[in-house]
Each structure stands twice: as structure tokens, then as C-alpha cells.
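# Close look at the chain arrangement
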Amino acid sequence: AQRVTQPEKLLSVFKGAPVELKCNYSYSGSPELFWYVQYSRQRLQLLLRHISRESIKGFTADLNKGETSFHLKKPFAQEEDSAMYYCALYPNQGGKLIFGQGTELSVKP
Amino acid sequence: EPEVTQTPSHQVTQMGQEVILRCVPISNHLYFYWYRQILGQKVEFLVSFYNNEISEKSEIFDDQFSVERPDGSNFTLKIRSTKLEDSAMYFCASTRTVVGYEQYFGPGTRLTVT
């Protein structure tokens, strides 16, 4: 079965603290994984994708095929990082994305 | 920067009525999608559309749903006879090519069925 699991509904940290948003996937093939972010009252937008191995707004994510994980990390959280974060799997079939439940990140001052 | 647009932003309808949700994808994009998100739940794929036909649809996308690209710019989702459980946020997305490329999402239409 193709599935994405984000175990935390809400993650609350203080400004400057490290952040790790967890994502695990279930997929038998070679996955393409993404993190999308939705700031308050804004649309879903791509944050990063594993194939590009880039860092956006200080966030990074490493694909770990052994643990079937794609956790999102940032060493020092900022208040403007507060948003909903969605991990998504592209199973190479017709272009659809399979989303996790989302994690709300709240960064307190 | 070009954006996907959706209208209306909020639609209230009575159970059993037909609704049409409209989307204008980014102009040079070729693949179009509808997703929905019931309050408190995950974003779920409904349907993908390419070359004027459905390329994939989910179990949710039953006979009550249809999609159309009536002209060169609009992409519509029609729900023929709405049910209470159709209340959700509906997102349109588009992408230039299907393989590994970013999907650009619209702001969503909140559908409330009473």
C-alpha cells in the first residue's frame, strides 16, 4: 500500500530550537518525496523535494530508504516557520501526490 | 509569478444541488489535478487530467463527480448531487510535466453542503 504517515499533529518549539518533523512512507518502488508547506491563509506550496537535495529557508530533508523516512529538519526555528507542513509521496503513477496528515509547527517567541 | 486561481473561494449549497468549482491553471501547464481536504483530515487526491481526458481517479471520484476543460484556460470540477460529506476544501493543482515536478496549487474553494 502507498501511504505517508506524519505521526505528530502538532509540534511546538521555541524560537532558536531545532526542529524535526517526522515523515514515514510506505511504497514498494523508488519513491519521490516532497515537503509542502501551507502558511496561514495561503496556498500549499512546495518547500523541497528529495531529488534536488537543496536547502530551502534553512530546512533540509534526507531520504532514508532503510527506515523509509523523509524527516524535515531545521537547526534553528524561526517564528515565521509556523505553518502546516505536509509530506507527500509521488508514486510515479499519473502524477498524483499522496499526502500525509500534516504537522502543524508552532514556533513560540 | 503565475498562479493557479480558483473560484469561488467559498460556496454554500444545499444537499442534492449541483455545484461547479472552477480553476484556471497556469497557462503552459499540461497536467491538472483536483484534491480535497475534509476538515481535520489529509489532502486526498481526486482526479488527474491530461490531454483532455482523465488519466487517473481515486475511489472518491465516483459518478457524482466530473471534470472538464471547456476551453483553453478553465478546468472545472462538477459535483452532480452534493451530499453533506462533500463538504471540504477543494484544491486545484497543475504542473508542466508529470515526472517529479512541482505541483502548483490554487488557494482552494471551501464547499459547505447544508
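That block above? That's the structure.
All of the points below concern the structure found in this document. (Residues numbered from 1 in each chain as written. Chains lettered and ligands numbered in written order. Predicted model: local features only at pLDDT ≥ 70, side-chain atom pairs only at ≥ 80, totals over all residues. Heavy atoms only, no water.)

On to the interface of chain A and chain B. Taken residue by residue, the interface counts 20 residues in chain A and 21 residues in chain B. Summing both sides of the interface, chain A and chain B together bury roughly 1,800 Å²; the carbon and sulfur share of this comes to 51%. Ranking the residues of chain A by area buried against chain B places Arg43, Leu44 and Phe99 of chain A at the top, with a combined share of 33%. Linking chain A to chain B there are 2 salt bridges. Applying the counting rule to chain A against chain B returns 7 residue pairs in polar contact (both at pLDDT 80 or more). Of all the elements in the fold, those that place two or more residues in the side of chain A that touches chain B are strand E5 (32-38), strand E6 (45-49) and strand E9 (83-90) of chain A. (Contact = heavy atoms within 4.5 Å. Buried area = accessible area lost by both parts, 1.4 Å probe. Salt bridge = Lys/Arg side-chain N within 4 Å of Asp/Glu carboxyl O. Polar contact = N/O pair within 3.5 Å; in protein donor to acceptor, adjacent residues only side chain to side chain. Helix = DSSP H or I, 4+ residues; strand = E, 2+ residues; numbered from the N terminus.)

Right, let's get into the sheet that holds strand E7 (residues 65-68) of chain B. Hydrogen bonding along the main chain pairs the strands of a sheet, whether they run parallel or antiparallel. Residue and element names in this part refer to chain B. With antiparallel pairing, 4 strands are arranged side by side in an open sheet as E1-E3-E8-E7. Of all strands in the sheet, those bounded by a partner on one side alone are strand E1 (5-7) and E7. Put simply, the sheet's adjacent strands are angled 20° from each other on average, direction ignored. Across 5 bridges, the pairing between strand E3 (residues 19-24) and strand E8 (residues 75-79) is antiparallel. The residue of E8 that forms the bridge with Val19 is Ile79. (Pairing = 2+ DSSP bridges. Axes fitted to C-alpha atoms, helices over the stretch in contact; angles between N-to-C directions.)

Turning our eyes to something else, we now look at the pattern of salt bridges. All names here are of chain A. Under the definition given, this model contains 6 salt bridges over all chains. Between Glu20 and Lys73 there is a salt bridge; the shortest N-O distance is 3.7 Å. Of this pair, Glu20 sits in strand E3 (residues 19-21) while Lys73 sits in strand E8 (residues 72-74), and the two are 53 residues apart along the sequence. Note on Glu20: relative accessible area 29%, which makes it partly exposed. Overall, Lys73 belongs to the partly exposed group, its relative accessible area being 41%. Members of the salt-bridge network, linked through shared partners, are Glu20, Lys22 and Lys73. (Buried < 20%, exposed > 50% of the residue type's maximum accessible area, 1.4 Å probe, protein only.)

Before going further, it helps to examine the packing of aromatic side chains. A full pass over the atoms with the stated rule returns 16 aromatic pairs over all chains. An angle of 80° between the planes, with centres 5.5 Å apart, marks the rings of Tyr36 of chain A and Phe105 of chain B as edge-to-face. Of this pair, Tyr36 of chain A sits in strand E5 while Phe105 of chain B sits in strand E10 (residues 104-105), which puts the two residues in different chains. Comparing Tyr36 of chain A with Phe105 of chain B shows no difference in burial state: the two are buried. When its relative accessible area of 2% is taken as the criterion, Phe105 of chain B is described as buried. A connected cluster of aromatic rings, assembled from ring pairs, spans Phe34, Tyr36, Tyr86 and Phe99 of chain A together with Tyr33, Tyr35, Phe45, Phe91 and Phe105 of chain B. (Phe/Tyr/Trp six-rings, centres within 6.5 Å; stacked < 30°, edge-to-face > 60°.)

Turning next to the state of the cysteines. Tallying each qualifying case throughout the model produces 2 disulfides over all chains. In this model, Cys23 of chain A is linked to Cys87 of chain A through a disulfide, with the two sulfur atoms separated by 2.0 Å. Across the S-S bond of Cys23 of chain A and Cys87 of chain A the torsion is about -65°, and the bridge reads as left-handed. One end of the pair, Cys23 of chain A, is in the loop between E3 and strand E4 (24-26); the other, Cys87 of chain A, is in strand E9, with 64 residues separating them in the sequence. The exposure classification of Cys23 of chain A matches that of Cys87 of chain A, with both residues buried. Put simply, Cys23 of chain B and Cys92 of chain B are joined by a disulfide, and their sulfur atoms are 1.9 Å apart. Disulfide Cys23 of chain B-Cys92 of chain B: torsion about the S-S bond near -65°, hence left-handed. Linking Cys23 of chain B in strand E3 with Cys92 of chain B in strand E9 (residues 88-95), this pair joins segments that are 69 residues apart in sequence. The same class applies to Cys23 of chain B as to Cys92 of chain B, namely buried. (Disulfide = S-S within 2.5 Å.)

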